[in-house]
Amino acid sequence: MLSVAGAPSSMTEYNMPCIFCKIINGEISSYKVYEDEETLAFLDINPVNPGHTLVVSKKHYANIEETDEETLCRVINIVKKVGLSLKKNLSVRGYNVQMNNDPVAGQIIPHLHFHVVPRTENDSLKLWPQKEYKAGQAEAVLKKIKII
Ligand code: AMP
Ligand code: ZN
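Thresholds, definitions, all that
- Numbering of residues starts from 1 in every chain and runs along the sequence as written.
- Chain letters and ligand numbers both follow the written order, the letters beginning at A and the numbers at 1.
- Only residues with pLDDT of 70 or above have their local features reported here, since the model is predicted, and side-chain atom pairs are shown and tallied only from 80 upward, although totals for entire chains, interfaces and linings are computed over all residues.
- Proximity of a residue to a molecule or strand is defined by its backbone-placed C-beta atom lying within 6 Å of that partner.
- Throughout, the ten residues Ala, Val, Leu, Ile, Met, Phe, Trp, Tyr, Cys and Pro are labelled nonpolar, Asp, Glu, Lys and Arg are labelled charged, and all others, Gly among them, are labelled polar.
- We define a nonpolar core as a collection of buried residues of the types Ala, Val, Leu, Ile, Met, Phe, Trp, Tyr and Cys that are connected via C-beta atoms lying within 7 Å of each other.
- Remark: C-beta atoms are placed from the backbone, and a residue is labelled buried if 20 or more other C-beta atoms sit within 10 Å of its own, exposed if 12 or fewer do, or partly exposed between those counts.
- In this description a helix means any DSSP run of H or I spanning at least four residues, a strand means any run of E spanning at least two, and both kinds are numbered starting from the N terminus.
- With C-beta atoms placed from the backbone, a contact is any residue pair whose C-beta atoms sit within 7 Å.
- A pair of strands is labelled paired if DSSP reports no fewer than 2 bridges between them.

A. Local environment of the site of ligand 1. What surrounds ligand 1 is the set Ile19, Ile28, Ser30, Asp44, Ile45, Asn46, Leu54, Asn100, Gly106, Gln107, Ile108 and Ile109. A breakdown of the residues in the shell around ligand 1 according to their chemical character gives six nonpolar, five polar and one charged.

So, in structure tokens, the structure goes:
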């Protein structure tokens, strides 16, 4: 991401104000599901299923690694609250929590957010395709990423 010295942290690449910051400060309207001092949850404008909710930190962080632990815990707790509300009030028996971390992973809006997507038995959504490890591949990748 490009960064401009001295630019506010809610300015994204090409110096465009962040759309989620605009939602948080009320410049753009949203369907608010939950709000507290640090967190906002609102309906995704293009839902995977009705009730698809985005949970964001009010402070602008681009991704998970940028976000301090306390904020991350707070946001995840609100994800849990939203999930409970979907289960209770939409009578769904489960939901997906998705976080696209960085553009290569599909993140379009560079402001920390978790998708909470209610699921039904018949919504015909498929999770991403999985592969098998080739011989030695699991050991090789484990050696690289193991946290000691
Ligand atoms: P991501 O690919 O994880 O960055 O997802 C961004 C999400 O933001 C997409 O699912 C969009 O549908 C959603 N979105 C974009 N603009 C708005 C908006 N103004 N209000 C609500 N959701 C939005
Ligand atoms: Zn932002």
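B. View of the nonpolar core. One finds Ala41, Val55, Val79, Val82 and Val116 to be the most contacted residues of the largest nonpolar core, which totals 22 residues. Where this core is concerned, the elements lending two or more residues are α1 (19-24), β2 (39-43), β3 (53-57), α2 (69-90) and β5 (113-119). Top element by residues in this core is α2. It accounts for five residues. Ignoring sequence-local partners within four residues, the contact set of Val55 consists of Thr39, Ala41, Val75, Ile78, Val79, Val82, His113, Phe114 and Val116.

C. Structural view of the pairing of β5. Within β5, five of the seven residues are buried, which leaves it mostly tucked inside the rest of the structure. By the bridge criterion, four bridges tie β3 to β5 in an arrangement that is antiparallel. Bridging from a neighbouring strand, Leu54 pairs with His115 of β5. In the sheet, strand β4 (residues 94-98) pairs with β5 via five bridges, with the strands oriented antiparallel. Bridged to Asn96 within β5 is Val117.

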